[in-house]
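Fold and contact review
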2 protein chains.
Amino acid sequence: MKTIVAKKIGRRPKRKANSPDLSKAKIVAAALNLLDRRGLDSFSLRDVARALGVYPTALYWHVPNRNALLAEIVAHALRHVSPPTDAGDWRIWLRELFRRYRREVRRHPNIAPLIGARLVSNAGAGLELVERILALLDGAGFRGRSLVDAYNVVIAAKVGFVTLEFATPPAKGIDDWKGALERQLSSVQSSTYPTLARYLPELANRAFILRWENGADQPLDAAFESFIEVVLSGLAERLRKSR
Amino acid sequence: MKTIVAKKIGRRPKRKANSPDLSKAKIVAAALNLLDRRGLDSFSLRDVARALGVYPTALYWHVPNRNALLAEIVAHALRHVSPPTDAGDWRIWLRELFRRYRREVRRHPNIAPLIGARLVSNAGAGLELVERILALLDGAGFRGRSLVDAYNVVIAAKVGFVTLEFATPPAKGIDDWKGALERQLSSVQSSTYPTLARYLPELANRAFILRWENGADQPLDAAFESFIEVVLSGLAERLRKSR
DNA sequence: ACCTGAACACCGTTCAAGT
DNA sequence: ACCTGAACACCGTTCAAGT
């Protein structure tokens, strides 16, 4: 009797002293940690549960399913991409946004296959950033359909390059795959592929399609900066023409 | 008796009359067909085997593993992206390349998560296209590090936008996910997100992050064309500066 | 050479049961 | 409310065996 009363009146019981005390935040943190270490191909809910010392099915109280958890992981990993404070020129602001985004993804490269190629992680970051980009482009002078297009160009540029740069290597049979690629490259003849043969030293493992490591091991810094400048000056050109 | 002799002497026995007669080409074709209809999330080797009327393990004689098969699928789906014949200006050629690439991906939208986000499909298309792009950029005037950067910019642009545009919606719980997104958008207040609220009709389901269908149902034609022009004029600008 | 067939070590998810 | 525990319907892959 007393205990029942105490339960009803006292503060929250805390279950047991050293109970796992699961929560969505803990699950997401453990899952991101696992994803960082093992990659998406070997990521499983059962491993997450194991890491938390809990039954696999316990996760389902806090998370609806695997895809939803993956979306939460992405949102959590990118929570600090929040836009920088206003700078004068819109180009400076966008440049900073692109760099910050890449910097955050680089901290958790294994989320790359989840950001560009899956719609699930869409609005995870909230609409704050969307509003800021729209306001910025509006302020720069984009209007109507031009603004919609410019917005899509910005997002595609922001996410596209980074998704490619950190694309995950195959988990299974990586050695065979690497070997095949290296053999393919080393057998390049200047008679059949003259330009490729000439530039091969600068291109091998440092250019898309011709690499066997991703941005986690071989960051494409120079290419990324070029990409930013191309997009920014291209946008500026479009703005000039639209008036 | 007769049959046995005929078997030994006659041309290749064909095993049985209506035998599956498996081959890598047949497997890839069946697999792509399945991928087109069901999506990557529900794609399985066992289903491929079922479609071919064969034991799952039979596939392993022709294909080393699942990832390798996925790479073959992508290569097969994009086999017609071969570069168009030479045009005068490098910009015209690249514009045509971008459009052709998107057109082919659009025929098999479910390969999108395999192209940008997985290194496995790297050199599947062969080095022919790489050589042509390099030669084109060299001819346009890019040299040394500028050429390497320009090449990476071109590939990132070519693959990036399309990967995003055809990013796959979540297979599980799609209704919940859609509902949540639509509710989030319909609750946008002009007091908190003024620009977003103003442009919401043009943006909803027609802009990255704010859509619940991908390019297969809602193609972003205008945005794609803008993206191309931004990249091309940006590259031209860089070329001007580099001399 | 090419496929069958059994087996292994996994999955995500549902649902009843406990506390 | 939150977790255990059993169970279901799957996976990819290895390996021996058949023909």
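Below is a summary of the structure that appears in this document. In this text the structure is predicted, and so the values were computed from the model without any measurement.

1. Overview of the protein's contact with DNA strand D
Neighbouring residues of DNA strand D: 19 residues in total, closest Tyr55 and His62 of chain A together with Arg46, Thr57 and Tyr60 of chain B. Protein-proximal atoms of DNA strand D, defined as those within 4 Å of the protein, fall in sugar or phosphate at a share of 57%. Between DNA strand D and Leu45 of chain B there is a distance of 3.0 Å, counted from a phosphate oxygen to a backbone nitrogen or oxygen. Within the contact set of DNA strand D, a phosphate oxygen lies 2.7 Å away from a side-chain nitrogen or oxygen of Tyr60 of chain B. When residues of the surface near DNA strand D are assigned to their parent elements, the largest contribution, four residues, is made by helix α3 (residues 45-52) of chain B. When the residues that make up the surface near DNA strand D are grouped by side-chain class, the tally is seven nonpolar, five polar and seven charged.

2. Here we look at the interface of chain B and chain A
Residue-level contacts link 77 residues of chain B with 77 residues of chain A. Both faces combined, the contact of chain B with chain A buries some 6,500 Å², and carbon together with sulfur accounts for 66% of it. Counting the contacts that link chain B with chain A gives four salt bridges. Asp41 of chain A is the partner of Arg118 of chain B in a salt bridge, and the nearest nitrogen-oxygen pair spans 2.8 Å. Remark: the boundary between chain B and chain A carries 21 residue pairs in polar contact (both at pLDDT 80 or more). Of all elements in the fold, only α7 (128-140), α8 (144-165), α9 (174-186), α10 (194-203) and α11 (221-242) of chain B reach the threshold of two or more residues within the side of chain B that touches chain A. Top contributing element to the side of chain B that touches chain A by residue count: α8 of chain B, with 16 residues. Residues that form the side of chain B that touches chain A fall into these classes: 44 nonpolar, 16 polar and 17 charged.

3. Examining the side chain of Asp138 of chain B
Within the fold, Asp138 of chain B resides in helix α7. Here Asp138 of chain B is in contact with Thr195, Arg198 and Tyr199 of chain A together with Arg143 and Leu147 of chain B, once residues within four sequence places are set aside.

4. Some details on helix α4 (residues 66-77) of chain B
Residue and element names in this part refer to chain B. Here α4 spans 16 Å end to end across twelve residues, near enough to the 16 Å set by a 1.5 Å rise per residue. In the core, the buried residues of α4 are packed alongside α2 (24-38), α3, α5 (90-107) and α6 (112-115). Looking at where α4 begins, the residue whose side-chain oxygen comes 3.2 Å from the main-chain nitrogen of Asn67 is Asn65.

5. Thoughts on the nonpolar core
In terms of nonpolar packing, the biggest core is built from 166 residues, with Tyr151, Leu196 and Leu235 of chain A together with Tyr151, Leu196 and Leu235 of chain B touching the most fellow members. Not counting residues up to four positions away in its chain, the partners in contact with Leu196 of chain B are Leu127, Val130, Glu131 and Leu134 of chain A together with Val188, Leu203 and Leu210 of chain B.

6. What about the packing of aromatic side chains?
Each pair of aromatic rings is reported with the distance of its centres and the angle of its planes. Residues and elements named next belong to chain A. On inspection of all chains with the given rule, the structure shows eight aromatic pairs over all chains. Within the aromatic cluster, the residues linked to one another by ring pairs are Phe161, Phe208, Phe224 and Phe227. Lying across the ring of Phe224, Arg102 places its NZ or CZ 4.7 Å from the centre.

7. Structural notes on the packing of helix α7 (residues 128-140) of chain A against helix α8 (residues 144-165) of chain A
Residue and element names in this part refer to chain A. Relative to each other, α7 and α8 sit at 125°, their axes nearing to 10 Å. As the angle between them shows, α7 and α8 are arranged oblique. The handedness of the crossing between α7 and α8 is right-handed. Where α7 approaches α8, its residues Leu129, Val130, Ile133, Leu134, Leu137 and Asp138 are matched on the opposing element by Leu147, Ala150, Tyr151, Val154, Ile155 and Lys158. Class assignment for the residues of the contact of α7 with α8 results in ten nonpolar, no polar and two charged.

What counts, and where the lines are drawn
Residues numbered from 1 in each chain as written. Chains lettered and ligands numbered in written order. Predicted model: local features only at pLDDT ≥ 70, side-chain atom pairs only at ≥ 80, totals over all residues. Heavy atoms only, no water. Near = heavy atom within 4 Å. Polar contact = N/O pair within 3.5 Å; in protein donor to acceptor, adjacent residues only side chain to side chain. Helix = DSSP H or I, 4+ residues; strand = E, 2+ residues; numbered from the N terminus. Nonpolar A, V, L, I, M, F, W, Y, C, P; charged D, E, K, R; others polar. Contact = heavy atoms within 4.5 Å. Buried area = accessible area lost by both parts, 1.4 Å probe. Salt bridge = Lys/Arg side-chain N within 4 Å of Asp/Glu carboxyl O. Expected span 1.5 Å × (residues − 1). Core = buried A, V, L, I, M, F, W, Y, C linked by side-chain atoms within 4.5 Å. Buried < 20%, exposed > 50% of the residue type's maximum accessible area, 1.4 Å probe, protein only. Phe/Tyr/Trp six-rings, centres within 6.5 Å; stacked < 30°, edge-to-face > 60°. Lys NZ or Arg CZ within 6 Å of the ring centre and 35° of its normal. Axes fitted to C-alpha atoms, helices over the stretch in contact; angles between N-to-C directions. Parallel < 35°, antiparallel > 145°, perpendicular 65-115°, else oblique. Left-handed = near helix turned anticlockwise from the far one by under 90°.

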